Amino acid sequence: MAQQFEDRFHRQFYYLRLSVTDVCNFRCQYCLPDGYRPEPGKPTGFLGLDEIRRVVEGFAMCGTNKVRITGGEPSMRRDFTEIIETVASTPGIRDVATTTNGYRLKKQVSAWREAGLTKLNVSIDSLDPKMFHLITGENRFHDVMAGIDAAFASGFEQVKVNTVLLKNRNSHDFRQFLAWIKDKPIQLRFIELMQTGQMDRFFAQYHQSGVSLRNQLLAEGWQLAQRRLNDGPAEVYQHPDYLGEIGLILPYDDGFCESCNRLRVSAKGKLHLCLFGEAGVELRDLLANDASQDALIARIRESLQSKKKTHFLHQGNSGMTPHLASIGG
Ligand code: SAM
Ligand code: SF4
Ligand code: SF4
């Protein structure tokens, strides 16, 4: 193995979040409220299978062992199952994860698992079908829930569910969420709403700190689990009476970025050093053939030297990220 990717703050990078498309069929209020629109004047070509293989190989050669395939909505890619296969067959990759809105889950999850998917995150912002519809723009709650059942039936031992905390939208539903995971091996991850470039009043109106959830969990006997290498910034809480777990992702909390272990590659082949960074470093010119592998690794390693210690969200600066669908959340 070549030397592990590491930045100036001695953070090591085991985890690649690879976006495979910007396209999405949902219209989540905090992400793509008007639906997906191609960027005017820019080509829409996303990384092909060979380019995906090359970029994942480059990362794997430098210590990356986990890849999350994301988007936009990754399952909108017709070759999504082949993408999973390609990533899973790369030497050194132990975990292949995806984050999905669950739209295609019920029909396709067993094929994804057979292709090598080892971890699954499904986004569900409310357990109330009407609120789910309001937040996502799609009346698909029951389909997505059936998709989660299908995931368990196809052999996943745990499913992670991402829920973006929204004041007066789902913030009162904490007890309902807890009841849901009592007897289900679901890790429910509450994510604090992050401000992005295209979000104006929405953030001010709906951002809700997750700190009160943490206090509530601790008061009710939930205990912080020991952090595993690949956990990243999520705090995971467990309780003896619950089969499920709670994860808290609180990007506005002090120290959130200290354990940063992830890098991102966009669907058009740009390296993003931070979820809220600048324009991204072009990698695509080095993905056209296998001969550029050393140059690819050298460019990533050099770029890492300019990775910042933390994001600048507290100063209201979300970098150049217009919405998280653009670089995969
Ligand atoms: N379309 C897929 C999905 O929704 O699961 C994958 C991409 S989506 C950008 C990845 C995750 O980012 C989702 O769980 C979504 O809820 C979350 N997300 C999107 N915008 C966000 C924001 N502004 N703040 C916090 N989480 C956000
Ligand atoms: Fe699509 Fe995911 Fe963004 Fe919702 S959060 S609009 S499902 S990319
Ligand atoms: Fe890493 Fe940036 Fe996320 Fe902080 S905000 S954990 S530096 S990617």
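Provided above is the structure to which this section pertains.
Residues numbered from 1 in each chain as written. Chains lettered and ligands numbered in written order. Predicted model: local features only at pLDDT ≥ 70, side-chain atom pairs only at ≥ 80, totals over all residues. Heavy atoms only, no water.

Visitor: Explain the pairing of strand S3 (residues 95–100) to me, please; I cannot follow it from the model alone.
Guide: The side chains of a regular strand alternate between the sheet's two faces. For S3, the tally of buried residues reaches six of six residues, placing the bulk of the element in the interior. Burial of S3 is two-sided: the residues Asp 95, Ala 97 and Thr 99 facing one way and the residues Val 96, Thr 98 and Thr 100 facing the other way are all buried. The sheet contact formed by strand S2 (residues 66–70) and S3 spans four bridges and is parallel. Looking across to S3, one finds that Lys 66 is bridged to Asp 95. (Buried < 20%, exposed > 50% of the residue type's maximum accessible area, 1.4 Å probe, protein only. Helix = DSSP H or I, 4+ residues; strand = E, 2+ residues; numbered from the N terminus. Pairing = 2+ DSSP bridges.)

Visitor: Where do I start with the nonpolar core in this structure?
Guide: Soluble, globular proteins show a tendency: their nonpolar side chains are buried together. Counting 95 residues, the largest nonpolar core has Leu 18, Tyr 30, Ile 124, Trp 180 and Ile 246 as the members making the most contacts within it. A per-element tally of this core places helix H5 (residues 141–153) first, with six residues. Residue contacts for Tyr 30: discarding those within four places in its chain leaves Asp 125, Ile 135, Val 164, Leu 166, Leu 193, Met 199 and Phe 202. (Core = buried A, V, L, I, M, F, W, Y, C linked by side-chain atoms within 4.5 Å. Contact = heavy atoms within 4.5 Å.)

Visitor: Help me understand helix H8 (residues 211–219), please; the structure alone is not making it clear to me.
Guide: Each α-helix winds once per 3.6 residues, and so residues spaced three or four apart point in a common direction. Listed as buried for H8 are Leu 213, Arg 214 and Leu 217. Buried residues in H8, looked at end-on, bunch into an arc of 100°, giving them a common side. Turning to H8, the residues buried within the fold contact strand S5 (159–165), helix H6 (174–181), strand S6 (186–192), strand S8 (235–238) and strand S9 (245–249). Phi turns positive one or two residues past the end of H8, at Gly 221, with a value near 90°. (Arc of directions from axis to C-beta.)

Visitor: For this particular structure, what's the right way to read the packing of aromatic side chains?
Guide: Counted by the stated rule, this structure contains nine aromatic pairs. Ring geometry for Phe 26 against Tyr 103: centres 6.4 Å apart, planes inclined by 85°, an arrangement best described as edge-to-face. Pair noted here: Phe 26 is in the loop between strand S1 (15–19) and helix H1 (49–61) and Tyr 103 is in the loop between S3 and helix H3 (105–115), with a separation of 77 residues, a long-range link. A relative accessible area of 2% places Phe 26 in the buried class. Judged by relative accessible area, which is 30%, Tyr 103 ranks as partly exposed. With a centroid separation of 4.6 Å and an interplanar angle of 40°, the aromatic rings of Phe 202 and Tyr 206 are classed as tilted. Remark: Tyr 206 and Phe 202 occur in helix H7 (residues 201–206); sequence separation between them is four residues, near one turn of the helix. Of the two residues, Phe 202 and Tyr 206, both sit in the buried class. Between the NZ or CZ atom of Lys 66 and the centre of the ring of Tyr 15, over which it lies, the distance is 4.5 Å. (Phe/Tyr/Trp six-rings, centres within 6.5 Å; stacked < 30°, edge-to-face > 60°. Lys NZ or Arg CZ within 6 Å of the ring centre and 35° of its normal.)

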